[in-house]
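Structure assessment
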Amino acid sequence: MAQQADQFKKVISHAKEYGFVFPSSEIYDGLSAVYDYGQNGAALKKNIRDYWWKAMVQLNENIVGIDSAIFMHPTIWKASGHVDAFNDPLIDNKVSKKRYRADVLVEDYVAKIEAKIEKEVAKAAKRFGEAFDEVQFKSTNPRVLEYQKKADTILKRLGQSLEKEDLSDVKALIEELEISCPESGSRDWTEVKQFNLMFGTKLGASAESAMDLYLRPETAQGIFVNFLNVQKTGRMKLPFGIAQTGKAFRNEIVARQFIFRMREFEQMEMQFFIPPGTQKEWYAHWKENRLKWHLALGMGANNYRFHDHEKLAHYADAAADIEFRFPFGFKELEGIHSRTDFDLASHEKYTGKKLQYFDPERNENYVPYVVETSIGLDRMFLAVLSHALTEETLDDGTLRTVLKLPPALAPTKVAVLPLVKKDGLPEYARKIVADLKWNLETAYDEKDAVGRRYRRQDALGTPYCVTVDHQSLEDQTVTLRERDSMQQERVAVDDLKKLIVDKVALISLLKKL
Ligand code: GAP
């Protein structure tokens, strides 16, 4: 646990030191759970967004992308159920006066049990060596089984109590588990209450005529209300999808864990419109498809798992999370939801307008069903960044910090470094930059000794460094250094593009899908 917390602290400070993520409004002492992306963070975020967009929109001829407004008619949020049901159960500690999400307190308790399981697994793996079978161990070891049973029972009860809106049972569970306030250690809790997460704002010039609006808490509704616009103008036939990426806002009670839970964040969502009755097969399809998208990044299959929901949101008939092993344990990264016809049918009801599709094969009109995939871009960014941050002890005993980002996502693909700042080397290096920049995000760096420049590029996650030396001027060759292996080879300047482009292009990821 302490090691995990330590790793997480390193991720946060690395993100700041190397221009990935800054606390928002920092010179005014910051704004809780709001963050800005710096020069490298914005580039990494854009590359993740592009990977998602191309995988969804470019590779699927039946998925199109839109960009709807953040401000939307307020009745939309009534129809979507957010006004009445987009609540989190909150609880206050009477001693510390700190406010918590009651479900998160219980989930954190369960995470501790899961950490114990992981510890048992690690111990056994060490003991048995190569012969160790993790699946068999987990399904037979009595201590692990006991922990697992306890965790499952708690989560089941939490799910059922939330489902039934039985908030007094959620409090009872917290008391039975003897969960204390992380700040004060006290177990003196208030009742559990519901708290709506939407931010309100106003539209209009005068106080009297202003209209109350909400900042959208999800991008999905912008897709639903444009369903007919897109279907008709794009002459789309079911099944088809509409994708979009954009900001969403939630007044999270417990906003913490850096960019994992923010008040302003970005979502990448896709609504897949299907004939009623086919939702089971499409739900399975999108679960598999989305996991494949994650696995193509090469961040380790054992770092992902599905979590099927016990408690379903007001709109869903099935839902699962893809969870990722963050530095603070397995947590939700993406949701796949079978949303039935809830949203379109509800917008029909509130607007009095038909949101239906004529199915020529069935020869009937109906409200389509929807399977949604929804991932937080910032959360994905955190998954990528935290997995990539590595510390290695080199043969000479020195420590190397390297960001082992999937090359296609790296903010800078290649850095060109003149060995010294004289003898025409900078000019030659600049010429290489001028040539590479059309195909690759290219940096130029001439400050400090070349070893320090390599370290800096390692810390930024740059997959390749090109070093220009005196020999380069004579035979037009340079040293090409690869980030992870640190191997260097002498290559012709004319071959650089060919050697680098294929390995760092998004297409290398997309081809795996
Ligand atoms: N349209 C469905 C929907 O919004 P959700 O499970 O509430 O579903 C989807 O959110 C994804 O958005 C989550 O899996 C997570 O990655 C991201 N997300 C949700 N709340 C977030 C927050 N406060 N900060 C960062 N990401 C968040």
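If you're wondering where the values come from, they're calculated on a predicted model, not measured in any experiment. (Residues numbered from 1 in each chain as written. Predicted model: local features only at pLDDT ≥ 70, side-chain atom pairs only at ≥ 80, totals over all residues. Heavy atoms only, no water.)

1. Let's talk about the sheet that holds strand S5 (residues 99–101)
Pairing between sheet strands relies on hydrogen bonds along the backbone, with the strands arranged either parallel or antiparallel. In plain terms, the rule: Note: two strands are recorded as paired if DSSP finds a minimum of 2 bridges between them. In this description a helix means any DSSP run of H or I spanning at least four residues, a strand means any run of E spanning at least two, and both kinds are numbered starting from the N terminus. Fitting a line to C-alpha atoms yields each axis, with helices limited to the stretch in contact; the angle taken between N-to-C directions then spans 0 to 180 degrees. A contact between two residues is defined here by any heavy atoms of the two lying within 4.5 Å.
An order of S5-S4-S6 is seen for the 3 strands of this open sheet, with the pairing classed as antiparallel. In this open sheet, the two edge strands, each paired with only one partner strand, are S5 and strand S6 (193–196). Averaged over all pairs of adjacent strands, the angle between their axes in this sheet comes to 45 degrees, without regard to strand direction. Sheet topology note: the strand S4 (residues 87–92)/S5 ladder contains 3 bridges and is antiparallel. Bridge pairing links Asp 92 to Arg 99 in S5. Relative to S5, helix H5 (residues 102–128) is tilted by about 70 degrees, and along the sheet it contacts S4 and S5.

2. Section: the pattern of salt bridges
Quick note on the threshold: In what follows, salt bridge is the name for a side-chain nitrogen of Lys or Arg lying within 4 Å of a carboxyl oxygen of Asp or Glu. Throughout this description, buried means an accessible area under 20% of the type-specific maximum (1.4 Å probe, protein chains only), exposed means over 50%, and partly exposed covers the range between.
Scanning the entire structure with this criterion turns up 41 salt bridges. As a salt-bridge pair, Glu 175 and Lys 171 come within 3.6 Å of each other at their nearest N and O atoms. Here Glu 175 pairs with Lys 171, and both are found in helix H8 (residues 167–176), just 4 residues apart, close to one helical turn. Under the relative-accessibility criterion, Glu 175 is labelled partly exposed at 43%. For Arg 400, the salt bridge goes to Glu 392, with nearest N and O atoms at 3.1 Å. Exposure class is identical for Arg 400 and Glu 392. Each is buried. One network of salt bridges, in which partners are shared, links Glu 392, Arg 400, Lys 404, Arg 455, Asp 458 and Arg 481.

3. With respect to the domain arrangement of the protein
The condition is simple: In this entry, domain limits derive from an automatic or database-based domain assignment. Defined in terms of a 1.4 Å probe, buried area is the accessible area two parts forfeit on being brought together, summed over both. Whenever two N or O atoms come within 3.5 Å, that pair is a polar contact, provided that in protein one can donate a hydrogen and the other can accept it, and provided that, for residues adjacent in sequence, both atoms are side-chain atoms. Side-chain classes are defined by residue name, with Ala, Val, Leu, Ile, Met, Phe, Trp, Tyr, Cys and Pro counting as nonpolar, Asp, Glu, Lys and Arg as charged, and the others, Gly among them, as polar.
Taken domain by domain, the protein consists of domain 1 (1–71 + 198–391), domain 2 (87–196) and domain 3 (394–510). Computed from C-alpha atoms alone, the centre-to-centre distance between domain 1 and domain 2 is 26 Å. Facing 14 residues of domain 1, the contacting portion of domain 2 comprises 17 residues. Counting the surface domain 1 buries against domain 2, the share from its top three residues, Ile 253, Glu 310 and Lys 311, is 39%. Between domain 1 and domain 2 we count 4 salt bridges in total. Two residues, Glu 114 and Arg 305, come together in a salt bridge whose shortest N-O distance is 3.5 Å. Taken together, the connections running from domain 1 to domain 2 amount to 2 residue pairs in polar contact (both at pLDDT 80 or more). Its residues placed into classes, the side of domain 1 that touches domain 2 shows 5 nonpolar, 1 polar and 8 charged.

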